[in-house]
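# Fold and contact review
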Amino acid sequence: MPKSVSPSPTGADGSPAAPNGATAPDWWASAVFYQVYPRSFADTDGNGVGDLEGVRSRLDYLQLLGVDALWLSPFFRSPMADHGYDVSDPRDVDPVFGTLADFDALVRDAHERNIKITVDVVPNHFSDQHPWFQDALSAAPGSAERERFIFREGKGEDGAQPPNNWPSVFGGPAWTRVPDGQWYLHLFAPEQPDLNWDNTEVIVEFADIFRFWLERGVDGFRIDVAHGMAKPAGLPDLDLPPEGASLTDQIEGDLRWDQDGVHEIHRGFRKVLDAFPGTMAIGEAWVPDDERLALYVRPDELHLTFNFELVTARWGATEFRSAITSSMAALAKVGAPCSWVLSNHDVDRHVTRYGGGSVGAARGRAAALLQLALPGAAYIYQGDELGLENVDLPDWALQDPTWKRSGHTERGRDGERVPIPWDGASPPYGFSSAATTWLPMPADWGPHTVESQLGDADSVLSLYRLALELRRSEPDLRTRAFGWQGAPEGCLAFRRGPQFVCAANFGAEPVAMPPGEVLLSSAHSASSVADGMLAPNTTVWLRA
Ligand code: NOJ
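Predicted, not measured: the structure shown is a model, and the values here were computed from it.

### Re the overall build of the chain
Along the backbone of the chain there are 16 helices and 20 strands. In terms of overall size, the chain behaves like a compact globule, its C-alpha atoms giving a radius of gyration of 23 Å where 544 residues would be expected to give roughly 24 Å. Structurally, the chain occupies a C-alpha span of about 75 × 50 × 45 Å along its principal axes. For the chain, the proportion of its 544 residues judged to be buried stands at 60%. Sequence separation of at least 24 residues holds for 67% of the intrachain contacts in the chain that already meet a minimum separation of 6.

Quick look at the structure:
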């Protein structure tokens, strides 16, 4: 399978993207992926939790929206300590989500609509209920069973102190002691013991897990914690960042992540995928430095890696411009496209990050047109296309392990995981036939439902539909061409080939729009673009 796209005279870097379409082997290079968080997408069995049949029942909607592929967050057997990212059987569907037959039916029906299916793989850890970990607990220190995980003796008198000072991502120490006195490592919850990737059994097992899903017809994978599997020799203590450090500062130089050894693991994954032409993998690698990020998408490693720069960038022309420039420059060096993200199930929704309310909503619409105009792949998180905000949930409803592990100081990620509204005027808005959903839905989401937005030409949903349609039909958007164009202060503008221009105003005052025919504006049609001015918090797509 070709790593990068074939040459063409139109691309700024001499190479055009594959057109969006079902048949190109490198379809992923410019695809629009839609992230389904199955618990919160659609519930068909009335238990208040979404399921795979729910996804299948809404494929017509996803086709209408115009996405090329789905990324399904974990639906595997799991005790749900981290809502599925604690996998106890990676080759089966958890009963709460359905059965393997449901999964097969979903793949079949999605493929009939030219929608690809990609699934999560969670190679950094298993659930503590996975038979391997249960075996490790009953086996003796030093046994082969324990070697599949990271067990160590503790420090201090009687080994009563953890082996090092590593914190877990969800709060508290990254080590838990077992009755015989040893400690095991869990970078996340204690229910998620880290696997030992120096152990051949682990390598062989994951190659087999990949093949299991590839043989069932999946088109690709999202690799969870792709920067986490390799651990530094000797597991030395960390220089802990100060309280309240930014995300970038927290991961900068953090020995738990981005060890060079991780790349050999990804090369192994790639070899498995290469035996299934047309399949792909994207890494979830939170790496502060774009040059380091690019290493994950070298030609013999992963196909894509999320560019989280638009997630971490504050609203502003300078911030967005530098996020885009640095991502593109770094990945171009290895010939890989960028994968643009605004939101996912781990971060506050972007409308909320941009201030919420009417300003957040306008900025959210503007950011969507920026994201979808950039060359490369784009990931939409379910509900982005409805303009959803995070929900302020009451304490009693919170389920994210972060809430408990932080001693109730960090609320965690439930606010962005609330089930999405389909129709009707009150909860559960067609998400479920149950009156109570796994996370409560707000009373004021009536105007946000798919039903009410489908019929409204001004809705966020209509904006996404039009944008995705133009992304397919505009010739310039089907290339990898990109170049910045001059723009007034507080604005940015770029070209995608000879005709297509995207311009955004992040400032507080209207500015004159670049010349050209307006193809699409993020502003509501009521605030018309006819005066030739680009309003604050607005993006336009133009044909020059
Ligand atoms: C990243 C996933 O996106 C997140 O939801 C999960 O909690 C951690 N990895 C641990 O698997």
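### Overview of the site of the ligand
Taken together, 14 residues lie around the ligand, and Asp82, Arg222, Asp224, His345 and Asp346 are the ones closest in. Taking His125, its side chain carries an N or O atom lying 3.0 Å from an oxygen atom of the ligand. Starting from 300 Å² of accessible surface for the ligand in isolation, the protein chains cover 97%. Grouping the amino acids of the shell around the ligand by side-chain chemistry returns 4 nonpolar, 3 polar and 7 charged.

### Let's talk about the pairing of strand β5 (residues 116–121)
Taken across its 6 residues, β5 has 6 buried, putting it largely inside the fold. Where strand β2 (residues 69–72) lies against β5, 4 bridges are found, and the strand directions are parallel. From the neighbouring strand, Leu72 faces β5, where its bridge partner is Val119.

### Details of unusual backbone geometry
Cis geometry is found at the peptide bond from Pro427 to Pro428, where omega equals 5 degrees. Checked against the element boundaries, Pro428 lands in the loop between α14 (401–405) and α15 (450–454). Unusually for a residue other than glycine, Leu235 sits at a positive phi of about 45 degrees. The residue Leu235 is located in the loop between β9 (220–223) and α7 (247–251) in this model. Non-glycine residue Asn537 carries a positive phi angle of around 55 degrees.

### Some points on the nonpolar core
One broad rule of soluble globular proteins: the nonpolar side chains tend to lie buried together. Among the nonpolar cores identified, the biggest contains 149 residues, and Phe33, Tyr34, Leu70, Phe75, Phe103, Phe221 and Trp541 are the most heavily contacted of them. Setting aside its immediate chain neighbours within four residues, Phe221 contacts Thr118, Val119, Val121, Phe210, Trp213, Leu214, Leu273, Met280, Ala281 and Ile282.

### Re the domain arrangement of the chain
Here the chain is described as being made up of domain 1 (19–126 + 201–471), domain 2 (131–185) and domain 3 (480–543). Here domain 1 and domain 2 have C-alpha centroids that lie 31 Å from each other. Listed per partner, the contact involves 20 residues of domain 1 and 19 residues of domain 2. Between domain 1 and domain 2 lies a buried interface of about 1700 Å² when both sides are counted; carbon and sulfur atoms form 62% of it. Across the domain 1-domain 2 interface, the total number found is 2 salt bridges.

### Considering the sheet that holds strand β16 (residues 500–505)
Read across the sheet, 5 strands follow the order β14-β15-β16-β20-β18 without closing on themselves; strand pairing throughout is antiparallel. The sheet terminates laterally at β14 (483–485) and β18 (517–521), the two strands that pair on one side only. Direction aside, neighbouring strands of the sheet carry axes that sit 30 degrees apart on average. Sheet contacts for helix α11 (residues 317–332): β14 and β15 (491–496); angle to β15, the most-contacted strand, approximately 35 degrees. Contacts between helix α13 (residues 357–373) and the sheet are confined to β15, β16, β18 and β20 (538–543), with β20 contributing the most and set at about 40 degrees to the helix.

### Some details on the sheet that holds strand β8 (residues 183–185)
Strands sit in the order β6-β8-β7 across an open sheet of 3 strands; the sheet is antiparallel. Sheet topology places β6 (151–152) and β7 (175–177) at the edges, where each strand pairs with a single neighbour. Relative to β8, β7 is paired through 3 bridges, and the arrangement is antiparallel. For Trp175, the partnering residue across the bridge sits in β8 and is Leu185.

### Topic: the environment of Ile117
Positionally, Ile117 belongs in strand β5. For Ile117, a relative accessible area of 0% puts it in the buried group. For the pair formed by Ile117 and Tyr34, sequence separation is 83 residues and the distance between their alpha carbons is 9.8 Å. With residues up to four places along the chain from it excluded, the contact list for Ile117 reads Leu70, Leu72, Phe103, Leu106, Val107, Ala110, His111, Val218, Asp219 and Gly220.

### Some remarks on the pairing of strand β10 (residues 280–283)
Of the two faces of β10, both are covered, the one formed by Met280 and Ile282 as well as the one formed by Ala281 and Gly283. The pairing of β9 with β10 spans 4 bridges and is classified as parallel. By the bridge assignment, Gly220 is partnered in β10 with Met280.

### A short note on the pattern of salt bridges
Across all of its chains, the model carries 34 salt bridges by this definition. Across the pair Asp109 and Arg108 runs a salt bridge, and its minimum N-O distance is 3.0 Å. The shortest N-O distance in the salt bridge between Arg349 and Asp384 comes to 3.5 Å. Taken together, the positions of Arg349 in the loop between β12 (339–341) and α12 (350–353) and Asp384 in the loop between β13 (377–381) and α14 put the pair 35 residues apart, joining distant regions of the chain.

### Focus on the packing of aromatic side chains
Throughout the structure, instances matching the rule amount to 37 aromatic pairs. Here Trp27 and Phe33 contribute two aromatic rings whose centre-to-centre distance is 5.6 Å and whose plane-to-plane angle is 40 degrees, an arrangement assigned as tilted. We note that Trp27, like Phe33, is buried. A ring pair is formed by Phe133 and Phe151, whose centres lie 5.9 Å apart and whose planes are at 15 degrees; its orientation type is stacked. Remark: Phe151 occurs in strand β6 and Phe133 occurs in helix α4 (residues 131–138); sequence separation between them is 18 residues. For Phe133, a relative accessible area of 1% gives the class buried. Every member of this aromatic cluster is reached through a ring pair, and the members are Trp27, Phe33, Trp71, Trp286, Phe306, Phe308 and Tyr379. For Arg39, the ring lying beneath its charged end belongs to Trp438, and the centroid distance is 4.4 Å.

Analysis parameters
- Residues numbered from 1 in each chain as written.
- Predicted model: local features only at pLDDT ≥ 70, side-chain atom pairs only at ≥ 80, totals over all residues.
- Heavy atoms only, no water.
- Helix = DSSP H or I, 4+ residues; strand = E, 2+ residues; numbered from the N terminus.
- Rg over C-alpha atoms; globule rule 2.2 N^0.38 Å.
- Buried < 20%, exposed > 50% of the residue type's maximum accessible area, 1.4 Å probe, protein only.
- Contact = heavy atoms within 4.5 Å.
- Near = heavy atom within 4 Å.
- Polar contact = N/O pair within 3.5 Å; in protein donor to acceptor, adjacent residues only side chain to side chain.
- Areas by Shrake-Rupley, 256 points an atom, 1.4 Å probe, with all protein chains shown as cover.
- Nonpolar A, V, L, I, M, F, W, Y, C, P; charged D, E, K, R; others polar.
- Pairing = 2+ DSSP bridges.
- Core = buried A, V, L, I, M, F, W, Y, C linked by side-chain atoms within 4.5 Å.
- Domains from an automatic or database assignment.
- Buried area = accessible area lost by both parts, 1.4 Å probe.
- Salt bridge = Lys/Arg side-chain N within 4 Å of Asp/Glu carboxyl O.
- Axes fitted to C-alpha atoms, helices over the stretch in contact; angles between N-to-C directions.
- Phe/Tyr/Trp six-rings, centres within 6.5 Å; stacked < 30°, edge-to-face > 60°.
- Lys NZ or Arg CZ within 6 Å of the ring centre and 35° of its normal.

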